[in-house]
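Geometric and topological summary
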Amino acid sequence: MEGINAGTDQWAFALTNSAPAGTTFTPGTSDLATGGGYTQGGNNVATTSASEAAGVYNLILAAPAVWTASGGGFTFRYVTMVDATNSIQVGYWDNGSAIVMNGANGDTFTFTPDAVNGVFTVT
């Protein structure tokens, strides 16, 4: 958790086909390239709350990140959580297999972080 200020930094969710192997995030390299309804760097999300109580820190991020496929669409497997202020990947979610977003159908993918328990807890 060193190197970030979770409560005030800008957070984003990005899509990729490879499990993150390091902590450095480079838009268009760490995630998908721009195209088919996806914009490299992912979608910024607001912080709902960042609090510490009894030695436990909890970060809750707001509203979902939404992507709508267009044109040729795009394919991804992982959603990565990025501290966009410092270009640091702090975690990821594995969908288990590739998700194909059909641009002709205008497929939509919505990633909604947990609004009660948060995206991470540090003790």
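Throughout, a residue's number is its position along its own chain's written sequence, starting from 1. Reporting in this predicted model follows two pLDDT cut-offs: at least 70 for local features of residues, and 80 or more for side-chain atom pairs to be given and counted; totals over whole chains, interfaces and linings ignore these cut-offs and use all residues. As a convention, hydrogens and water are excluded, and side-chain values are obtained from all of the structure's heavy atoms.

**Examining the sheet that holds strand β6 (residues 74-83)**
By definition, two strands form a pair when at least two bridges between them are found by DSSP. For helices the rule is a DSSP run of H or I covering at least 4 residues; for strands it is a run of E covering at least 2, with both sets numbered from the N terminus onward. With respect to topology, 4 strands assemble into an open sheet ordered β2-β1-β6-β7, the strand pairing being antiparallel. Where the open sheet ends on each side, the last strands, each with one partner, are β2 (43-45) and β7 (88-101). If you compare each strand with its neighbour and ignore which way they point, the axes differ by 25° on average. By the bridge criterion, 6 bridges tie strand β1 (residues 11-16) to β6 in an arrangement that is antiparallel. Note on β6: the bridge partner recorded for F13 is M81. Angles here are taken between N-to-C directions and fall from 0 to 180 degrees, while the axes themselves are lines fitted to C-alpha atoms, restricted in helices to the stretch in contact.

**Some words on the nonpolar core**
Residues W11, F13, L15, W67 and F74 are the most contacted members of the largest nonpolar core, which totals 25 residues. Every element with two or more residues in this core is listed here: β1, β4 (56-61), β5 (65-68), β6 and β8 (108-111). For this core, the leading source of residues is β6, giving 5 residues. Apart from residues no more than four positions distant in its own chain, W67 is found in contact with F13, L15, G37, Y38, N43, F74, M101, D107, T108, F109 and F111. Take the buried Ala, Val, Leu, Ile, Met, Phe, Trp, Tyr and Cys residues and link them wherever side-chain atoms come within 4.5 Å; each set so joined is a nonpolar core. Classification of residues uses two cut-offs on accessible area relative to the type maximum, computed with a 1.4 Å probe and protein chains only: under 20% is buried, over 50% is exposed, and between them is partly exposed. Contact criterion: two residues are considered in contact whenever any of their non-hydrogen atoms come within 4.5 Å of each other.

So yeah, pure geometry; function would need other evidence.
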